[in-house]
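What follows is the residue order along each chain.
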Amino acid sequence: MSKQTRVMVAVARALAWLLPAGRRDWAEAVWAEAQQVPPGMARLAWRAGGAWMLAREGLRPRRLGRVVVFAAAAALAAWTAWPKPGISHVTESEFTAIAMVVLLGLAPRFFGVASPSRAGRFLRVFCYAALLVFLAAQGFLGAFTGLVPRRAYQHLWAAPRGVPGTSTSGPNWIGATVMLVVAAGYVAVFLRLTSRRSQVTRGTLVLGTGWGLLFGVVMYVVAPLGLGNYATDPWLRGSEIDPLVVLAWVLLFGGPVAACVLAGRRCRRPDGSVPSYEFRIRQGIAAGVLASMTGALSVTAAALGTITLMIKSAWLRQWLYHSPHLTAFGTYSHEIRATQVGPYLFMCLGFPFVGLFMSSVAAAIANPAPRQPSSPPGNGGGPPGPGPEPGPVPPDGGRVDRVPVLALSGCTVFRMPGPPGSGLPMTDGE
Amino acid sequence: VASRPKFSAQTLSVLAALCDEPSQWQHGYALAKQTGLKSGTLYPILIRLADRGLVEACWQDEPQPGRPRRHLYRLTAAGLASATGALASAARPTATKAARTPAVRGTVVGLAP
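Analysis parameters
Residues numbered from 1 in each chain as written. Chains lettered and ligands numbered in written order. Predicted model: local features only at pLDDT ≥ 70, side-chain atom pairs only at ≥ 80, totals over all residues. Heavy atoms only, no water. Helix = DSSP H or I, 4+ residues; strand = E, 2+ residues; numbered from the N terminus. Buried < 20%, exposed > 50% of the residue type's maximum accessible area, 1.4 Å probe, protein only. Contact = heavy atoms within 4.5 Å. Areas by Shrake-Rupley, 256 points an atom, 1.4 Å probe, with all protein chains shown as cover. Polar contact = N/O pair within 3.5 Å; in protein donor to acceptor, adjacent residues only side chain to side chain. Buried area = accessible area lost by both parts, 1.4 Å probe. Salt bridge = Lys/Arg side-chain N within 4 Å of Asp/Glu carboxyl O. Pairing = 2+ DSSP bridges. Patch = residues over 30% accessible without salt bridge, like charges linked within 9 Å, V, L, I, M, F, W, Y side chains within 5 Å. Phe/Tyr/Trp six-rings, centres within 6.5 Å; stacked < 30°, edge-to-face > 60°. Expected span 1.5 Å × (residues − 1). Bend = angle between axes of the 7 residues up to and from the residue. Axes fitted to C-alpha atoms, helices over the stretch in contact; angles between N-to-C directions. Parallel < 35°, antiparallel > 145°, perpendicular 65-115°, else oblique. Left-handed = near helix turned anticlockwise from the far one by under 90°. Nonpolar A, V, L, I, M, F, W, Y, C, P; charged D, E, K, R; others polar. pLDDT = per-residue confidence, 0-100.

### A word on the overall build of chain B
Here comes step 1: Within chain B, the secondary structure is distributed over four helices and three strands.
Here comes step 2: The order of α-helices and β-strands along chain B, N terminus first, is α-β-α-α-β-β-α.
Here comes step 3: Every one of the 113 residues in chain B was classed for burial, and the buried ones make up 41%.
Here comes step 4: In chain B, the share of contacts with a sequence separation of at least 24, taken over all contacts with a separation of at least 6, comes to 59%.
Here comes step 5: Of the accessible surface of chain B, which amounts to about 6,200 Å², a share of 57% is contributed by carbon and sulfur atoms.

Written out as structure tokens, the structure is:
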């Protein structure tokens, strides 16, 4: 293989990665076919045409737009999360930022393109946006707590504690690993449920997302600035918050149940028929898990985003804590107490299991297995279905169909319809 | 009346090549030779046709020794119907235009000073 050819092969392989998963076969096809072209300029021209085709297919405007938007958002998140001078746990923060961006960039290649529904596309964008906010916020807050003097911590908490990134505490590799595992789990579930291959219906996606966002909004109103005992709510004072706390608990356990039951009842097959109870159970569980995950992710992104903005911008801090009695130290202590990312991480880890459990129970109760009718032996247990419709008459008068399909070639895919009654396979969309 | 899909001249040439032997699987290079299209034009056309379900593709099961497996193409039943219709309708206006041209030209010539 000449040097030119080797370079072109390398370029083509790199370009093939620009293509969506379903298109990469074509890249391989055009490259394999080059071996049949006479060597020399003709083969070079064939390869050049293939590289041009790959570049054009990979850089289509809409796809390119998505890539650019994601790259810009990921760069912004990584820049925000990147460790600043003076922090000792640089390696861990850099690792988290790079690994998260790589995870988000590569994950769609394993789960395929999004379903054509708006709900599917919205969920993917939502998941990515929330995880990037999570990444940026945890990096920024980690850097902030790393720069807080130890005396401030000792003043706020009676027991002395290690300060992340200082001499008493090393890099938090366990926290970084847990965060990446949680992010990978969320990406996998969201991309799987919204992929074109998924059997989850549009209605299920809408119901799960709707209940999840409702839960997320309620939780955010209850605890916009942290989930700890010292977390404050700048909008609701004293007992005003209690009804919303009750509502948040109800939605935590009841949201997945409601989403599950509604999804099981409303789901329909593409032809409008009522699906089997197993299908309804699967739809219900998917809706329940989606509700809890959407809720956890939305409140995590919204709250951590608010806390980050509060620390970064004085006007927001002033707006959130506008009490005339609040001292500078009081505000500072609010900031430090709000920077605890751990509770959100545990919430993201635990809520999906709550959703899975609640929706599994609800799905089993709401969709009982149908009883088998007691029919005499040999009666088949159901009305006879319509017989197969005769295939259309081909425009060439059946010239193609007379060819024995199984003897066409050594291919593994047989999708040409055989003539009715010929015993050859009919097209069934498989 | 269902409107037939519009195809470009290059797509029509690919459809015509595939229509020659619709039951046979064909290779990309053979199609390129038949149509005179470069690989950078031919493959995007095949991709679009496959996306629309007019062409089906598969990998060769038994490749030649020392060579990679080849990608094979042929028309689906829907593709054959579309191609036949498109090729027929593409041929018709040409014939009509050819029939009209002398008369039109004659009129124009007759009007000229």
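Once you've had a look at it, read on.
### Here's the deal with the overall build of chain A
Here comes step 1: Helix and strand content of chain A: 14 helices and zero strands.
Here comes step 2: Taken from N to C terminus, the helices and strands of chain A fall in the order α-α-α-α-α-α-α-α-α-α-α-α-α-α.
Here comes step 3: Considering chain A as a whole, with its 430 residues, one finds that 43% of them fall into the buried category.
Here comes step 4: In chain A, the proportion of contacts linking residues at least 24 apart, taken out of those at least 6 apart, comes to 74%.
Here comes step 5: Of the roughly 23,000 Å² of accessible surface on chain A, 66% is carried by carbon and sulfur atoms.

### Brief notes about the side chain of B:T35
Residue and element names in this part refer to chain B.
Here comes step 1: Along the chain, T35 turns up in helix α2 (residues 28–35).
Here comes step 2: Given a relative accessible area of 18%, T35 falls into the buried group.
Here comes step 3: Reaching out from T35, the side chain makes a polar contact with the backbone oxygen of L31 at a distance of 2.7 Å.
Here comes step 4: A polar contact is formed between the side chain of T35 and the backbone nitrogen of L37, at a distance of 3.3 Å.
Here comes step 5: Sequence-distant contacts of T35, that is, excluding residues within four places in its chain, are made with S13, V14 and A17.

### Focus on the interface of chain A and chain B
Here comes step 1: Taken residue by residue, the interface counts 34 residues in chain A and 39 residues in chain B.
Here comes step 2: Note on chain A versus chain B: buried area summed over both sides is about 3,200 Å², and carbon and sulfur give 62% of it.
Here comes step 3: Counting across the chain A and chain B interface gives one salt bridge.
Here comes step 4: Measuring nitrogen to oxygen at the nearest pair gives 2.4 Å for the salt bridge that ties A:E33 to B:R70.
Here comes step 5: Mapped by element, the contributors of at least two residues to the side of chain A that touches chain B are α2 (24–33) and α3 (41–58) of chain A.

### Description of the sheet that holds strand β2 (residues 55–59) of chain B
All names here are of chain B.
Here comes step 1: Overall, antiparallel pairing links the three strands, which are arranged β1-β3-β2 in an open sheet. Two strands lie at the open edges of the sheet, namely β1 (26–27) and β2, each paired on one side alone.
Here comes step 2: Here β1 runs beside strand β3 (residues 71–75); their pairing, made up of two bridges, is antiparallel. When the bridges of β3 are listed, Q26 appears paired with Y73.

### What to know about the pairing of β3(B)
The two faces of a sheet get side chains in turn, since along a regular strand they alternate between them.
Residues and elements named next belong to chain B.
Here comes step 1: The buried count for β3 comes to five of five residues, which makes it a mostly enclosed element.
Here comes step 2: Because side chains alternate across β3, one face comprises the buried residues H71, Y73 and L75, and the other comprises L72 and R74, equally buried.
Here comes step 3: In this structure, β2 lies alongside β3, joined through five bridges in antiparallel fashion. Pairing of A57 across the sheet is with Y73, part of β3.

### Remarks on a nonpolar patch on the surface
All names here are of chain A.
Here comes step 1: Residues W17, W82, I98, V102, L106 and F110 make up a contiguous nonpolar surface patch of about 620 Å² in total accessible area.
Here comes step 2: Along the chain, the position of W17 falls in the loop between α1 (3–16) and α2.
Here comes step 3: Using a relative accessible area of 47% as the deciding quantity, one classes W17 as partly exposed.

### Thoughts on the packing of aromatic side chains
Here comes step 1: As enumerated under the stated definition, the model contains 10 aromatic pairs over all chains in all.
Here comes step 2: A centroid spacing of 5.9 Å and a plane angle of 85° characterise the contact between A:W46 and B:Y29, whose relative ring orientation is edge-to-face. Here A:W46 is found in helix α3, whereas its partner B:Y29 is found in helix α2 on a different chain.
Here comes step 3: Note on A:W46: relative accessible area 6%, which makes it buried.
Here comes step 4: Taking relative accessible area as the criterion, B:Y29 reaches 18% and is therefore assigned buried.
Here comes step 5: An aromatic cluster is defined as three or more aromatic residues linked by ring pairs; in this entry it consists of A:W26, A:W46, B:Y29, B:Y43 and B:Y73.

### Describing helix α10 (residues 242–266) of chain A
Residues and elements named next belong to chain A.
Here comes step 1: Helix length check: α10, at 25 residues, gives a terminal C-alpha distance of 34 Å against a target of 36 Å (1.5 Å per residue), a fit within 8%.
Here comes step 2: Within α10, the axis deviates most sharply at G254, by approximately 45°, and proline P256 lies no more than four positions further along.
Here comes step 3: Those residues of α10 that fall on the buried side of the exposure criterion are A248, L251, L252, G255, P256, A259, C260, A263 and G264.
Here comes step 4: Packing partners of the buried residues in α10 comprise α9 (202–222), α11 (277–312) and α14 (342–366).

### Quick word on the packing of α10(A) against α14(A)
Angle between the axes and distance between the axes: these two values describe a pair of packed helices.
All names here are of chain A.
Here comes step 1: Their axes nearest at 8 Å, the elements α10 and α14 cross at an angle of 45°. Taken together, the axes of α10 and α14 lie oblique to each other. Viewed along their axes, α10 and α14 form a crossing whose handedness is right-handed. For the pair formed by α10 and α14, the contact residues are L252, F253, P256, V257, C260 and V261 on the first element and F351, V354, G355, M358, S359, A362, A363 and A366 on the second.
Here comes step 2: Along the lines of polarity and charge, the residues of the contact of α10 with α14 split into 12 nonpolar, two polar and no charged.

### A short note on the environment of B:S82
Here comes step 1: By the element assignment, B:S82 lies in helix α4 (residues 77–111).
Here comes step 2: Separated by 76 residues in sequence, B:S82 and B:K6 have C-alpha atoms that sit 9.8 Å apart.

### What about the environment of A:L349?
Here comes step 1: Among the structural elements, A:L349 can be located in helix α14.
Here comes step 2: Along the backbone, A:L349 and A:M293 are 56 residues apart, and their C-alpha atoms lie at a distance of 9.1 Å.

### Some remarks on the confidence of the model for chain B
Here comes step 1: Averaged over chain B, the pLDDT score is 77; the fraction of residues at 70 or greater is 77%.
Here comes step 2: Every residue in residues 98–113 of chain B scores below 50 in pLDDT, and together they form zero contacts with partners more than four places removed in sequence or on other chains.

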